[in-house]
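Examination of the molecular architecture
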Amino acid sequence: KFIFQMSGFYQIQNSIYSSFKTHDTLLSVGLNHTYCPHLGQEPTAEEAREEIYLLNSVSWPGPLIPGLPFQFSSDPARSYFVIRGPAEQHVGSQLVVDVHILNFLGKTKKHGGDFLLARLHSPELGAGVVGQVHDHQDGNYTVLFPLLWEGVVKVEVTMVHPSEAVVVLKRLRERQSDRVFFKSLFRSGSLSQTTVCNLCLPNTKKPLCNYTDPHTGEPWYCYKPKKLGCDTRISHSKGGYKKKLLTAYESQFFQSRVNIKVPIHSSGMDNVTVLPAENGKNKMESNKFIPSGYYYQDSWRPLGGTVMLQFNDSSAITECLKGKIVHMFGDSTVRQWFEYLHAFVPELKQINLYTPRNTGPYMTVDSVHNILVTYHCHGPPIRFSPVYSPELHYIANELDGIRGGPNVVVLVSIWSHFSTFPVNVYIRRLRHIRRAVVQLLDREPSTLVVIRTPNLQKLDPEVSLFNSDWFSQQQDTVLRAMFREVNVRILDAWEMTLAHRLPQVLHPPTTIIKYMVELILSQVCPVEEKKEK
């Protein structure tokens with residue numbers, strides 16, 4: 001459900017903050033949850049209050065006694081799950097699964113904090129849905145699955161990281177945020193130099209170039225070239241990834257096929273048979289876990305009001321987008337939507353803007369049907385290489401320049417490039433985007449705004465340190481909370497990648513991109529759902 005509340009940004013803020021009042025006694029998150037706190041615009045008292053609430057909402061339990069031998073850490077191979085209830089259950093009910101985590105010695109863990117994911121699926125039916133994991137913080141977990149279709153359904157539980165690995169990830173995020181570094185090229189005539197850049201640079205005596213955005217206050221700095229001025233910056237690029245981030249002890253918790261995305265097996269049956277709903281009750285009760293959608297017969301079926309339409313030929317997409325302007329802002333996961341439309345709809349002709357393939361900006365048009373689609377990457381931090389410096393635009397500023405209206409669609413995806421930074425950096429960026437979205441909707445309430453969540457991806461020992469699903473899960477929680485009271489549509493890429501049978505990768509395969517685009521188009525050209533008699 002989407003809450004329609006368009007009476008201004010501060011009313012929305014007040015609505016959000018009022019729900020925080022019961023949290024006055026929460027411990028202020030102070031360990032090292034600030035990253036260069038002297039940089040950026042000073043948050044208001046209400047914004048600071050919200051930030052504390054959000055940081056506490058993504059706090060994560062860990063081992064009671066850190067530094068224990070590896071054998072005491074969580075072992076997915078020895079851990080197991082048990083399905084509660086009978087072997088036959090009914091549509092509309094809820095499947096409950098208990099997960100028990102054991103260490104490498106075969107002993108039950110006494111604390112929580114393991115990062116688990118779960119899905120329920122029927123491969124032969126092309127069906128799948130995510131489960132909701134509850135951590136009891138004693139080595140035991142409960143997973144809740146909605147039973148949405150008839151047939152044999154199989155439970156799948158995965159340990160993404162043991163709790164001991166999450167402790168390491170938290171340390172890296174808070175204390176080594178520069179493990180991805182950036183560069184800028186400066187040039188004037190025949191003289192050129194490259195220097196290191198970031199949101200915050202070590203406190204040295206080297207002079208800095210300050211590229212803080214004057215409107216949003218988003219900070220960005222580069223070391224000043226010795227012989228060139230700060231106004232000679234030509235481009236931005238990813239510098240690279242730092243190595244040797246872990247101690248030998250910490251490395252034990254990041255082993256492929258040992259404790260990174262390893263399945264946990266059942267101690268008994270791993271499936272149940274789902275029968276038709278009892279007494280015609282085929283709807284989930286409000287007190288049960290309700291996902292954003294599920295797959296059935298190889299089609300995404302959203303829950304919560306949107307009627308999913310299929311756009312299997314380009315003419316249907318053209319008809320839907322006729323007279324529309326579609327603006328896409330963000331990282332490469334939203335760029336995939338642009339690339340899909342350009343490849344699938346021959347009427348859309350891309351304008352050559354002579355920009356790099358990966359960075360854009362892009363523009364494609366259909367002059368016959370009056371369709372314009374654009375893509376622009378978000379401002380730093382961004383790991384694209386290279387980005388022409390004048391093209392480093394912040395999404396909030398871009399939104400401020402959009403008039404909006406019933407013919408305008410705005411699509412936003414921003415998450416992956418923030419995974420190495422503390423959560424408060426991401427909160428600050430979303431705060432600026434949210435403010436701009438609310439102002440856009442105040443100007444033109446009929447504007448459709450879609451915010452994409454993070455998605456799961458393939459992990460190995462190195463990727464885990466920079467782009468772990470655990471980082472993405474934290475961002476996912478924050479993003480949903482910050483836009484909960486805003487009239488936007490949340491595209492649940494997290495569930496769409498977890499519930500599907502295809503491998504999880506940073507850039508979801510075309511099959512899933514098709515579902516995402518069709519979901520967006522179903523909101524651009526909605527069809528009212530038939531009311532039940």
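This write-up is about the structure you can find in this document. (Residues numbered from 1 in each chain as written. Predicted model: local features only at pLDDT ≥ 70, side-chain atom pairs only at ≥ 80, totals over all residues. Heavy atoms only, no water.)

**Some thoughts on the sheet that holds strand E13 (residues 233-241)**
In sheet architecture, strand pairing relies on hydrogen bonds along the backbone and comes in two forms, parallel and antiparallel. The strand order across the open sheet built from six strands is E11-E12-E10-E9-E13-E22, with neighbouring strands paired in antiparallel fashion. Looking at the sheet topology across the chains shown, the edges are occupied by strand E11 (208-210) and strand E22 (387-388). By the bridge criterion, seven bridges tie strand E9 (residues 180-188) to E13 in an arrangement that is antiparallel. Its bridge partner lying in E13, Val180 is registered against Tyr241. (Pairing = 2+ DSSP bridges. Helix = DSSP H or I, 4+ residues; strand = E, 2+ residues; numbered from the N terminus.)

**Thoughts on the packing of helix H8 (residues 423-443) against helix H10 (residues 469-482)**
The geometry of H8 relative to H10 is characterised by a closest axis approach of 10 Å and an angle of 30° between their N-to-C directions. Between H8 and H10, the crossing angle belongs to the class labelled roughly parallel. Here H8 runs over H10; the crossing is right-handed. Of the residues in H10, those in contact with Val423, Tyr426, Ile427, Leu430, Arg431 and Arg434 of H8 are Gln474, Gln475, Val478, Leu479 and Met482. When grouped by side-chain class, the residues that make up the contact of H8 with H10 number seven nonpolar, two polar and two charged. (Axes fitted to C-alpha atoms, helices over the stretch in contact; angles between N-to-C directions. Parallel < 35°, antiparallel > 145°, perpendicular 65-115°, else oblique. Left-handed = near helix turned anticlockwise from the far one by under 90°. Contact = heavy atoms within 4.5 Å. Nonpolar A, V, L, I, M, F, W, Y, C, P; charged D, E, K, R; others polar.)

**Description of the state of the cysteines**
Under the counting rule described, the total for this entry stands at three disulfides. What pairs with Cys209 in a disulfide is Cys230, and their sulfur atoms sit 2.0 Å apart. Its S-S torsion of about -85° marks the bond between Cys209 and Cys230 as left-handed, since a negative value means left-handed. With a gap of 21 residues between them, Cys209 in strand E11 and Cys230 in the loop between strand E12 (221-223) and E13 connect regions that are remote in the sequence. A residue is classified by how much of its surface remains accessible, and Cys209, at 0% relative accessible area, is buried. Its relative accessible area of 27% is what places Cys230 among the partly exposed residues. Between the sulfur atoms of Cys320 and its disulfide partner Cys525 the distance amounts to 2.0 Å. A torsion of 110° about the S-S bond marks the disulfide between Cys320 and Cys525 as right-handed. In this pair, Cys320 sits in helix H5 (residues 314-321) while Cys525 sits in the segment after helix H12 (510-524), placing the two residues 205 residues apart along the sequence. (Disulfide = S-S within 2.5 Å. Buried < 20%, exposed > 50% of the residue type's maximum accessible area, 1.4 Å probe, protein only.)

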